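Letter by letter, the chains look like this.
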Amino acid sequence: MKNIIISLIFICITPLSVFAQFPVEEEDEYYEKEWALGIMMNTYGGTIGGASVRFSKKFFYEHKIEESLGVNSGKTKVTRGRVGEIKNERKYHSLSIEFLNIKHPKEQRRQTFTGEGVVYGKRNRLYAIRPMFGKEWIIFKKARKQGVQVNVIVNAGPSIGLITPYLLKYKDDEGELVTEQLTFDQFNQFYTRIEGTGSFAESLSQASVIAGLALKTSLSFEFGVNKRSITGIEAGIMADIYTKEVEIMASTDNRSFYSAMFLTFFFGGRK
């Protein structure tokens, strides 16, 4: 899966990057706000590794404007205006929230005798909830009805790690069906008796939370005929750093730092 995602990133980026360098006719005006929904693939593992929601807004400053209501009136009218739109016409603020499933690089799924797939040796699942603040810069602007807009995006924010136990169903020595989190010794003892995984709801009821920091940098490629709607891809690298080691696997090295390459397919709108 990791090699597939890396190949997809290069396949998508290379032609779009070359095409975006050709001179194009620019839009009549720049958009002020944008929103996008995304589905993510990443080298953490899994076909769908996460989902995201992103809001972007043009970077500008607000200031007070005082207008006299008459030479002899002694009164003024105060309004608020915006400056910095020309100077920062290619710069945007962004707020996003992402939900990721972080897997250990050593995870391998195998089938039990019942046909259900389980990851032997796994102790916990790790989900990351990432509210992030970012900056976007337009590098190449899209033409009126064709071309590709290329943005550079940098994001940072907290990473709220949700740790849920990896529950497995197996028959104990008395033949009773038990659902619980297994230790390394139990994996070896009940290896041939494991039937499948427990319910997500039961696992979620035993969840714990760990605090961390998330970082992400990427290139986004936006295209589409209608300038008020967008579709595209975002590709880059991301990292999650937690305050302590997260035990995902029972028998191999666990860590507090996870990094991955990612590819997000997104769609949305702007105004």
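Keep in mind that this is a model prediction, so the values were computed, not measured.

With that settled, the discussion passes to the overall build of the protein. Of the regular secondary structure elements, the protein holds 3 helices and 15 strands. Buried positions account for 43% of the 271 residues belonging to the protein. Pairs at least 24 apart in sequence give 71% of the contacts found in the protein among residues at least 6 apart. Only carbon and sulfur atoms are counted for the fraction: they give 58% of the accessible area of the protein, which is about 14,600 Å².

What follows covers the nonpolar core. L126, I194 and V246 are the most contacted members of the largest nonpolar core, which has 26 residues in total. At the level of elements, β5 (91-102), β7 (117-119), β8 (124-140), β10 (167-171), β14 (229-246) and β15 (255-270) are the ones that each hand at least two residues to this core. Beyond its immediate sequence surroundings of up to four residues, V246 is in contact with L126, I163, I210, N254, R255 and Y258. Formed by 6 residues, the second largest nonpolar core is a distinct cluster that contains V148, V150, F221 and A235.

Along the polypeptide, I194 turns up in strand β12 (residues 194-197). The class of I194 is buried, set by a relative accessible area of 0%. With 26 residues separating them in the primary sequence, I194 and L168 have C-alpha atoms 6.9 Å apart. Residues within four places of I194 in sequence aside, it is in contact with T112, F113, V118, Y120, L168, K169, Y170, L182 and F187.

Confidence in the prediction for the protein averages 81 pLDDT; 73% of positions are at 70 or higher. At the low end of the mean pLDDT range in the protein sits helix α1 (residues 2-20), at 50; at the high end sits strand β9 (residues 149-165), at 95. Counting contacts from residues 18-29, a segment whose pLDDT is below 50, to residues more than four positions away or on other chains yields 24 contacts.

Calculation rules
- Residues numbered from 1 in each chain as written.
- Predicted model: local features only at pLDDT ≥ 70, side-chain atom pairs only at ≥ 80, totals over all residues.
- Heavy atoms only, no water.
- Helix = DSSP H or I, 4+ residues; strand = E, 2+ residues; numbered from the N terminus.
- Buried < 20%, exposed > 50% of the residue type's maximum accessible area, 1.4 Å probe, protein only.
- Contact = heavy atoms within 4.5 Å.
- Areas by Shrake-Rupley, 256 points an atom, 1.4 Å probe, with all protein chains shown as cover.
- Core = buried A, V, L, I, M, F, W, Y, C linked by side-chain atoms within 4.5 Å.
- pLDDT = per-residue confidence, 0-100.

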